[in-house]
Amino acid sequence: MIEPDWWKKSTVYQVYPKSFKDTNGSGTGDIKGLTMKLDYLHDLGIDIVWLQPVYVSPQNDNGYDVADYCRIDPEFGTMEDFDELMLELHKREMVLMLDIVVNHSSTEHEWFKQARQSKDSPYRDYYIWKDPAPGGGVPNNWQSKFGGSAWQYDEETEQYFLTLFDKTQADLNWENELVRKEVVELLKFWAEKGVKGFRMDVINLISKDLSFPEDDGSIAPGDGRRFYTDGPRVHEFIREVYDQVWGPNHLITVGEMSSTTLAQCIRYSNPENNELSMTFNFHHLKVDYLNGQKWELMPYDFEELKRLLSEWQVGMNEGGGWNALFLNNHDQPRALSRFTDDRKYRTESAKLLATTLHGLQGTPYVYQGEEIGMPNPVWNNIDEFRDIESKNMYRILQEQGKEPDEALNIIRERSRDNSRTPMQWDTTINAGFTTGTPWIKVDERYRTINVHSQLEDADSIYNHYKKLIALRKELVILKDGMYVRLDESHPQVYTYARINEQETLIVMSNFSDQEVSFSIPDEFWNERMNEQVSELLISNTLHVPELAQSTSLSPYASYMWIIK
Ligand code: GLC
């Protein structure tokens with residue numbers, strides 16, 4: 001019997017198809033490339049693959065601007081390739097999770113093309129249109145997340161349409177029942193093809209405040225724009241989809257939640273509410289934003305990182321929600337470069353981040369390249385970047401008075417392209433990603449950092465991940481153990497326990513390049529651990545310490561013990 005929540009013991013692998021593996025020399029990764037690498041993922045222990053958008057798209061936002069939800073973009077292959085992928089996944093007892101982008105569609109979608117024809121078009125109301133403000137100009141001061149006004153003027157019909165992201169990503173009007181029907185239909189289309197899960201792109205932005213008030217700068221509790229984040233009807237809309245597609249088909253769903261709150265995520269992911277299986281939130285990945293601003297650099301606040309992870313661990317557990325655990329994705333610079341040392345201690349650091357994350361409660365996500373310790377690439381100049389957000393911001397930062405060099409430095413650290421360079425398979429040309437010209441540069445360090453060399457080395461980062469993924473399947477405590485933070489604001493060390501009635505699990509990590517000492521608080525030690533036998537489950541040092549109340553930790557050392 002398969003348990004209904006089997007995925008709580010799984011690890012999801014995120015594939016950015018554009019940069020994963022190219023099989024036809026086009027310079028862009030394709031579906032066949034993923035199929036070709038399934039044995040690699042299977043060997044790693046992955047049973048759920050999240051495939052990012054491969055639908056027909058002008059690719060202004062790398063596929064997050066969908067022009068046809070039920071067809072494959074020729075750049076990525078054909079529907080036959082997709083069917084073959086499904087078959088090969090099935091053979092390996094793996095399942096596919098598709099990325100669904102329905103807060104907005106591309107302006108090249110047929111719905112939008114029809115909608116913009118006239119105010120009377122039956123598709124007009126699929127999108128959000130407003131008259132110019134009384135004196136002319138944009139209807140209100142809402143800003144696009146990629147910079148500039150969120151409103152685009154349509155000359156023909158003399159109205160503005162809403163675009164919370166790029167100007168070619170028009171927000172869909174979920175108030176319109178027909179739009180919700182279309183969403184259900186397209187989800188059913190893929191479910192019938194055997195897709196077992198969906199990652200719902202910025203799904204907490206779908207319900208807007210219908211009075212479209214001026215943004216007065218005040219923000220909602222989760223620091224989101226209060227007029228469209230976790231909006232008035234969002235739970236109702238999500239439940240409607242659950243009832244019609246996700247529930248009856250037993251699908252796994254993860255919602256990407258922009259600037260949300262803990263209370264909201266509990267609501268979204270508590271199974272009693274029939275909404276989503278789990279949620280991504282981003283608070284822990286803003287700990288290096290100066291005053292909350294992504295484009296202002298600051299060293300990351302370690303204490304804040306620990307505080308946020310802990311708050312969500314405890315809160316989601318108490319509220320019956322479920323976390324999607326992650327430190328990397330295609331929108332974030334590499335955590336390895338951001339929070340640790342990606343040069344001298346690269347291997348230790350990559351393993352430390354993995355152990356720290358994979359000991360937590362939730363479903364871990366591994367983003368391609370993370371499992372081999374790919375750092376942020378070396379960027380030489382602005383022309384190497386491809387991302388629309390990075391390009392916009394490079395210009396805007398200079399408009400705001402930054403020198404070109406200063407702007408470039410910010411882009412280097414914060415660009416989403418940091419995680420979008422091609423997967424490094426081996427030491428051959430272009431890291432084995434393509435025989436053509438890659439759409440974005442390959443990081444020059446691929447000769448040392450690549451899959452081939454990691455597979456051969458028993459102590460590699462890859463094999464460390466493999467072990468962690470296997471442990472999650474074996475140990476019930478990783479699924480159900482209660483989280484207790486144990487480091488009492490230590491400036492370099494993060495330590496926590498997971499406890500259930502039979503066992504205690506301890507994860508201890510030194511996030512610094514210094515040798516440091518650390519003691520487990522008396523109260524916890526005396527009550528749970530004294531005179532117990534501990535077993536080291538995984539570590540990143542040659543020296544293997546016994547679990548003791550006081551320990552000395554070498555730079556970036558990280559351990560997981562279990563006490564039975
Ligand atoms: C999500 C995606 C991101 C995309 C945006 C708009 O945040 O992860 O890549 O640009 O939504 O669809």
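If you're wondering where the values come from, they're calculated on a predicted model, not measured in any experiment. Throughout this document, residue positions are counted from 1 along each chain, in the order its sequence is written. Local features in a predicted model are, by the rule used here, given only for residues with pLDDT of at least 70; side-chain atom pairs are given and counted only at 80 or more, and totals for whole chains, interfaces and linings are based on all residues. Note: side-chain values were computed over all heavy atoms of the structure, leaving out hydrogens and water.

1. A short note on the domain arrangement of the chain
Accessible area lost upon the coming together of the parts is a frequently used measure of interface size. Defined as follows: Start and end points for every domain follow an automatic or database-based domain assignment. Whether two residues are in contact is decided by their heavy atoms, any of which lying within 4.5 Å being enough. Buried area, as used here, totals the accessible surface that two parts lose on assembly, with accessibility defined by a 1.4 Å probe and the loss added over both. Salt bridges are counted wherever a side-chain nitrogen of Lys or Arg sits within 4 Å of a carboxyl oxygen of Asp or Glu. We define a polar contact as two N or O atoms separated by no more than 3.5 Å, with the added condition that, inside protein, one atom must be a possible hydrogen donor and the other a possible acceptor, whereas residues neighbouring each other in sequence contribute only through side-chain atom pairs. Comment: elements are numbered from the N terminus, with helices defined as DSSP H or I runs of at least four residues and strands as E runs of at least two. Amino acids outside the nonpolar list (Ala, Val, Leu, Ile, Met, Phe, Trp, Tyr, Cys, Pro) and the charged list (Asp, Glu, Lys, Arg) are all regarded as polar, and Gly is one of them.
For the chain, the assigned domains read domain 1 (6-105 + 178-339 + 366-375 + 420-466), domain 2 (110-171), domain 3 (380-414) and domain 4 (477-563). Relative to domain 3, the C-alpha centre of domain 1 lies at a distance of 25 Å. Contacts between the two partners involve 16 residues from domain 1 and, on the opposite side, 13 residues from domain 3. Roughly 1300 Å² of surface becomes buried between domain 1 and domain 3 when both sides are summed, with 56% attributable to carbon and sulfur atoms. If you look at where domain 1 meets domain 3, you find four salt bridges. Among the ionic pairs, K441 bridges to E384, the shortest N-O distance being 3.4 Å. Inspection of the domain 1/domain 3 interface yields six residue pairs in polar contact (both at pLDDT 80 or more). Considering every element that reaches the side of domain 1 that touches domain 3, the biggest residue donor is strand 15 (residues 293-297), with five residues. Each residue belonging to the side of domain 1 that touches domain 3 can be placed in one class, and the counts come to seven nonpolar, two polar and seven charged.

2. Quick word on the side chain of S419
Keep this limit in mind: Exposure is judged per residue with a 1.4 Å probe applied to protein chains only, and the accessible area is read against the type maximum: over 50% gives exposed, under 20% gives buried, and values in between give partly exposed.
For S419, the position within the fold is in the loop between helix 12 (404-414) and helix 13 (451-456). Exposure remark for S419: the relative accessible area of 1% places this residue in the buried category. At a separation of 3.5 Å, a polar atom in the side chain of S419 contacts the main-chain carbonyl oxygen of H330.

3. Let's talk about empty space enclosed by the protein
One water molecule sets the probe size; rolling that probe over the atoms shows where empty space is left. As a reminder, the rule being used: Method remark: on a 1 Å grid restricted to protein atoms, a set of points is classed as a cavity if a 1.4 Å probe fits but cannot get out and as a pocket if it is open with protein on both sides within 12 Å along at least five of seven lines; lining residues have an atom within 4 Å of a point. Grid points are joined across faces, edges and corners, and a volume is the space filled by probe spheres set on the points.
This structure, assessed with the given rule, holds five cavities of 30 Å³ or more. The computed volume of the largest cavity comes to approximately 120 Å³. Taken together, 14 residues form the lining of the largest cavity, with N281, H284, L309, W312 and N323 sitting closest to its centre. If you list the elements that add at least two residues to the lining of the largest cavity, you get strand 13 (278-280), helix 8 (302-319) and strand 16 (324-325). Top element by residues in the lining of the largest cavity is helix 8. It accounts for four residues. For the lining of the largest cavity, a count of residues per class yields nine nonpolar, five polar and no charged. One number sums up the size of the second largest cavity: a volume of about 110 Å³. Taken together, 13 residues make up the lining of the second largest cavity; nearest its centre are N328, L336, L353, E370 and Y465. Elements with a contribution of two residues or more to the lining of the second largest cavity: helix 9 (335-339) and helix 10 (346-358). Considering every element that reaches the lining of the second largest cavity, the biggest residue donor is helix 10, with four residues.

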